[in-house]
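Breakdown of the fold
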Amino acid sequence: MDQRHLDRIKIVQNLFAASFPGIPDNLPNSENDTTQQVLKNLTKIDEMISSSAPKFPLDRIAKTDLAILRLAVYELIIKPSQPRKVVINEAVELAKEFGGDKSYAFINAVLGKIIEKP
């Protein structure tokens with residue numbers, strides 16, 4: 001498996017763990033700097049997710065899906081280093097691996113709206 005994919009899995013695990021009270025200080029893959037950068041930009045990232053999925057408040061989005069979305073938004077908007085299609089495809093693949101039956105479609109739709117905004 002591609003090392004970048006494995007790294008993203010670790011980041012998603014960290015972001016998932018960080019969504020529970022008291023755990024952000026004890027993340028499973030704490031050596032990862034990207035996780036810390038996502039958490040530092042969490043307010044901005046969450047605002048983008050909320051505005052792109054207004055019918056789904058953040059507390060109603062599955063924590064796994066939210067972790068994947070947060071990483072993808074960070075990679076798309078905050079620190080773009082890969083083509084948008086690559087980031088979105090990777091997020092969809094992570095959703096297929098770890099999310100629910102329709103998670104991939106939800107994540108694809110939200111990210112599509114985010115990249116359409118000026």
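Notes on the structure follow.

Helices and strands together make up the secondary structure of the chain, namely six helices and zero strands. Its helices and strands taken in sequence order, the chain reads α-α-α-α-α-α from the N to the C terminus. A compact globule built from 118 residues should have a C-alpha radius of gyration of about 13 Å, and the chain, at 13 Å, falls within 12% of that. The principal-axis extents of the C-alpha atoms in the chain amount to approximately 35 × 30 × 30 Å. Here the chain holds 118 residues, and the buried ones make up 38% of them. Within the chain, contacts between residues separated by at least 24 positions form 61% of all contacts whose residues are at least 6 apart in sequence. With an accessible surface of roughly 6,900 Å², the chain has 52% of that area assigned to carbon and sulfur atoms.

This part covers the packing of aromatic side chains. Under the counting rule described, the total for this entry stands at two aromatic pairs. A centroid spacing of 5.1 Å and a plane angle of 70° characterise the contact between F56 and F106, whose relative ring orientation is edge-to-face. Separated by 50 residues along the polypeptide, F56 in the loop between α3 (42-52) and α4 (63-78) and F106 in helix α6 (residues 103-116) bring together distant segments of the chain. Over the aromatic face of F20 sits the side chain of K63, whose NZ or CZ is 5.0 Å from the ring centroid.

Right, let's talk about α3 for a bit. Regarding α3, the residues found buried are I45, D46, I49 and S52. Buried residues of α3, seen end-on, are gathered within an arc of 130° and therefore sit on one face of the element. α3 presents T43 and E47 as exposed residues on the side facing more than 90 degrees away from its buried surface. Where α3 is buried, its residues touch α2 (33-40), α4 and α6.

The rules behind each value
- Sequence order as written defines residue numbering, which begins from 1 separately in each chain.
- For a predicted model such as this one, the threshold for reporting local features is a pLDDT of at least 70, and the threshold for listing and counting side-chain atom pairs is 80 or more; totals across whole chains, interfaces and linings nevertheless cover every residue.
- Excluded from the side-chain calculations are hydrogens and water; all other atoms, namely the structure's heavy atoms, are used.
- Where helices and strands are cited, they refer to DSSP runs of H or I of at least four residues and of E of at least two residues respectively, numbered from the N terminus.
- Only C-alpha atoms enter the radius of gyration; for comparison, a globular chain is expected to reach 2.2 Å times N to the power 0.38, where N is the number of residues.
- Here the term buried applies to any residue with accessible area under 20% of the maximum for its type, exposed to any over 50%, and partly exposed to those in between, with areas from a 1.4 Å probe on protein chains only.
- Residue contacts follow a heavy-atom distance rule, with two residues in contact if any of their heavy atoms lie within 4.5 Å.
- All accessible areas in this document rest on Shrake-Rupley with a 1.4 Å probe, and a residue is counted as covered only by the protein chains that are shown.
- For Phe, Tyr and Trp, rings pair up if their centres lie within 6.5 Å, where Trp contributes its six-membered ring, and each pair is then called stacked (planes under 30 degrees apart), edge-to-face (over 60) or tilted (otherwise).
- Comment: the charge-over-ring label is applied if NZ (Lys) or CZ (Arg) is within 6 Å of the ring centre and within 35 degrees of the ring normal.
- Taken from the helix axis, the directions to the C-beta atoms give the arc we talk about.

Geometry only, nothing functional implied.
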